[in-house]
Amino acid sequence: MHARTITILTIAALTLTACGTRTDTSTKTEPSTKASSPSPSPDITDLFIDWRDGGGSETLTTLVDDLSDVGEASDPFDIDALGDACSSLTADVETAQLGDPIPDKGTQKNWNLALAHFAKSATACTTGAYSEDQTQFDLMASEMDIGIKHLNAVNKQLDEILGE
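Residues numbered from 1 in each chain as written. Predicted model: local features only at pLDDT ≥ 70, side-chain atom pairs only at ≥ 80, totals over all residues. Heavy atoms only, no water.

## Some remarks on the overall build of the chain
Stage number 1. Counting its secondary structure elements, the chain contains 6 helices and 0 strands.
Stage number 2. Counted from the first residue to the last, the chain has its helices and strands arranged as α-α-α-α-α-α.
Stage number 3. Considering the chain as a whole, with its 164 residues, one finds that 41% of them fall into the buried category.
Stage number 4. Across the chain, the fraction of contacts at a sequence separation of at least 24, relative to all contacts at a separation of at least 6, is 78%. (Helix = DSSP H or I, 4+ residues; strand = E, 2+ residues; numbered from the N terminus. Buried < 20%, exposed > 50% of the residue type's maximum accessible area, 1.4 Å probe, protein only. Contact = heavy atoms within 4.5 Å.)

Right, dumping it as structure tokens:
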């Protein structure tokens, strides 16, 4: 793989590790934190908590783990591990796309975009892993980078809504 692809995947893994940390701490939100937040309304906060506790947090963690696995298989490069990691990412993105929507239009839009770009990345990764095609690895990296930006926006919004 080219150094550019490896660098993007390494940065992606590091970025997502931070997201995973924020996601994990969001499961520790207490009612007093929610009540002290000047905005948003308690109703939307309760809806976000329900989404998070109803599988949203687990889905985020699963995707972060998958993306970290892709990054680890990319540096040092292990084509078999990369193929496996991309297959897992594909399956978990498909599952996430069938999950409950996030109870906020803007956040849901970023979530949909993140999942769409991760799906494209996973497809390119799988194709690249089996054909050893650098063009596919480059596409994988660029789609993953875009997906990470949208996922970071989702995490930021969750943090704001949940008072993290």
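Resuming the write-up.
## Structural notes on the confidence of the model for the chain
Stage number 1. In this model, the chain carries an average pLDDT of 80, and 74% of its residues clear a pLDDT of 70 or more.
Stage number 2. Note on residues 1-37: pLDDT is under 50 here. Beyond four places in sequence and across chains, it has 64 contacts. (pLDDT = per-residue confidence, 0-100.)

## With respect to helix H5 (residues 105-131)
Stage number 1. Relative to the 39 Å expected for 27 residues at 1.5 Å per residue, H5 spans 39 Å between its end C-alpha atoms, a close match to the ideal helical length.
Stage number 2. Immediately downstream of H5, the backbone of Glu132 shows phi near 55°, a positive value. (Expected span 1.5 Å × (residues − 1).)

## Overview of the packing of aromatic side chains
Stage number 1. Summed over the entire model, instances satisfying the criterion amount to 2 aromatic pairs.
Stage number 2. Between Trp51 and Trp111 the ring centres are 6.0 Å apart and the planes differ by 85°, which places this aromatic pair in the edge-to-face class. One end of the pair, Trp51, is in helix H3 (residues 42-74); the other, Trp111, is in helix H5, with 60 residues separating them in the sequence.
Stage number 3. Judged by its relative accessible area of 3%, Trp111 is buried.
Stage number 4. Centre to centre, the rings of Phe77 and Phe137 are 5.6 Å apart; their planes meet at 85°, and the pair counts as edge-to-face. Here Phe77 is found in the loop between H3 and helix H4 (79-97), whereas its partner Phe137 is found in helix H6 (residues 134-162), with 60 residues between them in sequence.
Stage number 5. When its relative accessible area of 36% is taken as the criterion, Phe77 is described as partly exposed. (Phe/Tyr/Trp six-rings, centres within 6.5 Å; stacked < 30°, edge-to-face > 60°.)

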